[in-house]
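Single-letter residue listing:
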Amino acid sequence: MESQQQSAGSQLGKALMPLVVDAGIPMASYYVLGSGFGMSDVAALAWSSVVPALRTVWGLVRERRVNALALLMLVVNVVGLATSTLTGDPRLMMAKDSATSSVIGLAMLLSAVAGRPLMSAGLKPWVTKGGPEGNAAWDRLRAHSARFRRLERRFTLIWGGALLTDCVVRAVGAYVLPVHVMVWLGTVLTLVSILVASVAGGACSAEYMGRMVEADIRDARRDASDRAGDEPADAAAVPAAV
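Residues numbered from 1 in each chain as written. Predicted model: local features only at pLDDT ≥ 70, side-chain atom pairs only at ≥ 80, totals over all residues. Heavy atoms only, no water.

1. Regarding the pattern of salt bridges
Alright, step 1. All told, the structure shown has seven salt bridges when counted by the stated rule.
Alright, step 2. Glu152 is the salt-bridge partner of Arg142, the closest N and O atoms lying 2.9 Å from each other. Residue Arg142 is located in helix α7 (residues 132-144), and its partner Glu152 is located in helix α8 (residues 146-176); the two are separated by 10 residues in the primary sequence.
Alright, step 3. The exposure class assigned to Arg142 is partly exposed, which follows from its relative accessible area of 32%.
Alright, step 4. Overall, the relative accessible area of 2% leaves Glu152 in the buried class.
Alright, step 5. Taking the shortest distance from any N to any O, the salt bridge between Glu207 and Arg211 comes out at 2.6 Å. (Salt bridge = Lys/Arg side-chain N within 4 Å of Asp/Glu carboxyl O. Helix = DSSP H or I, 4+ residues; strand = E, 2+ residues; numbered from the N terminus. Buried < 20%, exposed > 50% of the residue type's maximum accessible area, 1.4 Å probe, protein only.)

Below, the structure written as structure tokens:
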């Protein structure tokens, strides 16, 4: 059980690492470029947004497949960066980050309603521990269990709601608080949103899904064992040829 918990924690860390990187690197870059190199708020904010965009592009190239969430984040960041750079308004550039959260949050909510939850790509390895038995159990449950599908959608709904809340708070802060304060506070708010969504999503959805996957794996193993045990008996029941 302990090893399974460690594996689940490892999978969760891998799923959340891109979000943490995208929040932490821009904050550090802003202060280094602004305080260390004397860049203006607009320039520092613009250059600090480049790393997450490049990381997303690299992830898409490395995986050689289109990840809908990663692609959405990239498009929103590029469009928002271009618009805010042209206007030259640092507060608009701060608000751009909240707009990113709102678009992604809305996309998550819509995807859950449509039955294609965006967060499933990160949720599946967390729930299945990345093993072939777990993946097979996920596929079976997703195909045949309405409760499992509801829990899967609920996880994405929780994340979408958390990101929308983060959007509203940061949008207000961008125009109420000083830019240099909102840079670090916005990062803190993002990390808090991620933490809240992770804990709530785990308690309200992923934990139950994990139990269902484990139960399905046990049932599959028992069925396989029963079939293996029946084979010799069936063979013995066949009368010997005269």
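2. A short note on α7
Alright, step 1. Between its terminal C-alpha atoms α7 stretches 18 Å, which fits the 18 Å expected from 13 residues at 1.5 Å a residue.
Alright, step 2. Those residues of α7 that fall on the buried side of the exposure criterion are Gly134, Ala137, Trp138 and Leu141. The arc that holds every buried residue of α7, seen down its axis, measures 105 degrees, which confines them to one face. Along α7, exposed side chains directed more than 90 degrees from the buried face belong to Pro132, Ala143 and His144. (Expected span 1.5 Å × (residues − 1). Arc of directions from axis to C-beta.)

3. Focus on the packing of α7 against α8
To characterise two packed helices, one gives the angle between the axes of the helices and the distance between these axes.
Alright, step 1. At their nearest, the axes of α7 and α8 sit 6 Å apart, and the two run at 105 degrees to each other. Regarding the angle of α7 to α8, the classification is roughly perpendicular. Contacts from Trp138, Leu141, Arg142, Ala143 and His144 of α7 reach α8 at Ala146, Phe148, Arg149 and Glu152.
Alright, step 2. Classifying every residue of the contact of α7 with α8 by side-chain character gives five nonpolar, one polar and three charged. (Axes fitted to C-alpha atoms, helices over the stretch in contact; angles between N-to-C directions. Parallel < 35°, antiparallel > 145°, perpendicular 65-115°, else oblique. Contact = heavy atoms within 4.5 Å. Nonpolar A, V, L, I, M, F, W, Y, C, P; charged D, E, K, R; others polar.)

4. Remarks on the side chain of Arg170
Alright, step 1. Within the element layout of this structure, Arg170 appears in helix α8.
Alright, step 2. A distance of 3.0 Å separates polar atoms of two side chains, one belonging to Arg170 and the other to Asp166. (Polar contact = N/O pair within 3.5 Å; in protein donor to acceptor, adjacent residues only side chain to side chain.)

5. Some details on the packing of aromatic side chains
Any pair of aromatic rings gets described here by the distance separating the centres and the angle formed by the planes.
Alright, step 1. Summed over all chains, the structure comprises three aromatic pairs.
Alright, step 2. Ring centres of Trp138 and Phe148 lie 5.2 Å apart, and the angle between their planes is 90 degrees; this geometry places the pair in the edge-to-face category. Of this pair, Trp138 sits in helix α7 while Phe148 sits in helix α8, and the two are 10 residues apart along the sequence. Each member of the pair, Trp138 together with Phe148, is buried.
Alright, step 3. Between the aromatic rings of Phe155 and Trp159, the centroid separation amounts to 6.4 Å while the plane-to-plane angle is 45 degrees, which identifies the pairing as tilted. Within this pair, Phe155 and its partner Trp159 are both found in helix α8, separated by four residues, close to a single helical turn. A single burial state applies to Phe155 and to Trp159, both of which are buried.
Alright, step 4. Every member of this aromatic cluster is reached through a ring pair, and the members are Trp126, Phe155 and Trp159. (Phe/Tyr/Trp six-rings, centres within 6.5 Å; stacked < 30°, edge-to-face > 60°.)

6. Notes on the environment of Met108
Alright, step 1. The topology assignment puts Met108 in helix α5 (residues 90-113).
Alright, step 2. Relative accessible area serves as the criterion here: at 2%, Met108 is assigned to the buried category.
Alright, step 3. Sequence-wise, Met108 and Gly160 are 52 residues apart; in three dimensions their C-alpha atoms are separated by 5.2 Å.

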